[in-house]
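Structural features, examined
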Amino acid sequence: MSAELFDVVVAGGGPAGSTAASLVAMQGHRVLLVEKEAFPRYQVGESLLPSTVHGVCRLLGVTDELAETDFPVKRGAAFQWGARPEPWAFSFEASSRLTGATAFAYQADRTRFDEILLNNARRKGVVVREGCAVTAVVEDGGRVTGLRYSDADGGEHEVGARYVVDASGQGSPLSSGAGGTRDHADSFRGLALFGYFGNGCKRLPEPHAGDTLNVAFEKGWFWYVPLFGGLTSVGAVVRREFVGKLPEDREEAFKALIAECPTIADLLSEGMRVRAGKYGLLRVREDFAYRRTTFRRPGLVLVGDAACSLDPLFSSGVHLATYGALLAARSINGVLAGGLDEETALAEFETRYRREFGAFSELVEDFHAMRGEELPAPASLVDLAAGVSSGDEAFPGGLAVSPDGLTWLPRPSQDSFDREEQK
């Protein structure tokens, strides 16, 4: 096996991995990112939140690049849900934490969005190796000290690092190395069947033609996400008790589900399903909602779907992945800079990450419980739905965020403030 040493090695090149790798490399640390696939590659989860576009992507330096794409602008979301048959909607501009210039996100083609982030990581100095599958963590005395991976030719490699960031997704071979178990939220377990439709699909009225529409029906709910060039992502999230009653043939099952939801059937009445290329498959995804009982151990942190995943009702997937990656990068940067002890920094990472996941989890659970009741006023949840409810100024536990937003620092004591004032 080859032997290399890095400050940080990241497993996974999706939004979580690219974000963590870039933010650590931007502080001058040596970072390796290992990705099992070759980009560009397909990925579902196209709907972004303002916090990702104007927060994380701003720190990464890719906001201008995103603005130059043809990704539709998303100004909020609409729901046909609960007791009222008419759509219920919210706009990001209702958030007091967003200005008019930041009260939007994008419906992003993940093939291109993820490639933008990975290429940006390269520009930031990250060593990126694609076509390399991670296989296990390396341990020494109870601490993770690196990982093993195999390259596209079958060669085996071992890499040493002060920290390993596991961003390798739902099927991560490394996450169990953090200890603990994966706890599932039974109320969300089910199956998503989804595909793509071409030109002719209807849109919401302007200026909300780019917004996501979520529609409840007897067996679950549909997402309806407008993408570039008239493309539309359509998915049915079917509750667990109905999964076994679906036709075995995916085409028949999808047609039957659409027919059971008149709103979605009408929106698709003039559109044809794409049947060729990467958007031509009907795909299935299971087990949306879970969290690991621990997100860390000495030398290892979990981010993205390696740590937790949630029903996509509020499009929180990329937000939770990149926000967790930001928190992990801040903790690691703080330790590597010599300003923080590891336990303090990683405890802060896990506490804040779990808090954000928990807030979205409660929101989704409340919405599923409201299927026959009145929905809350949009203003009561728009900060959370935009991904900006956590704030980003200072952090508890004696920590403060650095001016560039990339490092946690020890907060000066009151005595030091008094001395500064006396000067």
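Structural notes, computed from the coordinates. (Residues numbered from 1 in each chain as written. Predicted model: local features only at pLDDT ≥ 70, side-chain atom pairs only at ≥ 80, totals over all residues. Heavy atoms only, no water.)

A few words now on unusual backbone geometry. That bond from Phe39 to Pro40 is cis: its omega, 0°, falls within 30 degrees of zero. Tracing the backbone through its elements, the reader meets Pro40 in the loop between strand E2 (31-35) and helix H2 (50-60). Looking along the chain, the bond that leaves Glu206 and enters Pro207 is cis, with omega of 5°. In this model, Ser315 sits at a positive phi of 55°, which is unusual for a non-glycine residue. (Helix = DSSP H or I, 4+ residues; strand = E, 2+ residues; numbered from the N terminus.)

Another aspect to go through is the side chain of Arg296. Looking at the secondary structure, you find Arg296 in strand E18 (residues 296-297). Among the polar contacts made by the side chain of Arg296, one reaches the main-chain carbonyl oxygen of Leu346 at a distance of 3.5 Å. Among the polar contacts made by the side chain of Arg296, one reaches the side chain of Glu350 at a distance of 2.9 Å. Once you skip the residues sitting within four places of it in the chain, Arg296 turns out to touch Ala178, Val301, Glu343, Leu346, Ala347 and Glu350. (Polar contact = N/O pair within 3.5 Å; in protein donor to acceptor, adjacent residues only side chain to side chain. Contact = heavy atoms within 4.5 Å.)

The mixed open sheet is built from seven strands, whose spatial order is E5-E4-E13-E14-E15-E12-E16. Edge positions in the sheet fall to strand E5 (88-91) and strand E16 (283-286), since each of these pairs with one other strand and no more. Averaged over neighbouring strand pairs, the angle between their axes works out to 15° when direction is ignored. Relative to strand E13 (residues 212-217), strand E4 (residues 76-80) is paired through four bridges, and the arrangement is parallel. Residue pairing across strands places Ala78 opposite Leu213, the latter belonging to E13. (Pairing = 2+ DSSP bridges. Axes fitted to C-alpha atoms, helices over the stretch in contact; angles between N-to-C directions.)

A separate point is the packing of aromatic side chains. Evaluation of the coordinates by the stated rule reveals 23 aromatic pairs. Ring pairing ties together the aromatic residues Phe79, Trp81, Trp88, Phe90, Phe92, Phe194, Trp221, Trp223, Phe314 and Phe367, which thus form one cluster. A cation over an aromatic ring shows up here: Arg354 above the ring of Phe295, its NZ or CZ 4.0 Å from the ring centre. (Phe/Tyr/Trp six-rings, centres within 6.5 Å; stacked < 30°, edge-to-face > 60°. Lys NZ or Arg CZ within 6 Å of the ring centre and 35° of its normal.)

On to the pattern of salt bridges. Between side chains of opposite charge, pairing is possible as soon as their charged atoms come close. Counted under the stated rule, the structure contains 20 salt bridges. Between Arg297 and Glu139 there is a salt bridge whose closest N-O contact spans 3.1 Å. With Arg297 in strand E18 and Glu139 in strand E8 (residues 133-140), this pair connects stretches of sequence that are 158 residues apart. The buried category is assigned to Arg297, whose relative accessible area is 15%. For Glu139, a relative accessible area of 48% gives the class partly exposed. Ionic pairing is found between Arg273 and Glu251, a salt bridge with its closest N-O pair at 2.3 Å. Linking Arg273 in the loop between helix H7 (262-267) and E16 with Glu251 in helix H6 (residues 250-259), this pair joins segments that are 22 residues apart in sequence. Residues joined by salt bridges that share partners form a network here, namely Arg296, Glu343, Glu350 and Arg354. (Salt bridge = Lys/Arg side-chain N within 4 Å of Asp/Glu carboxyl O. Buried < 20%, exposed > 50% of the residue type's maximum accessible area, 1.4 Å probe, protein only.)

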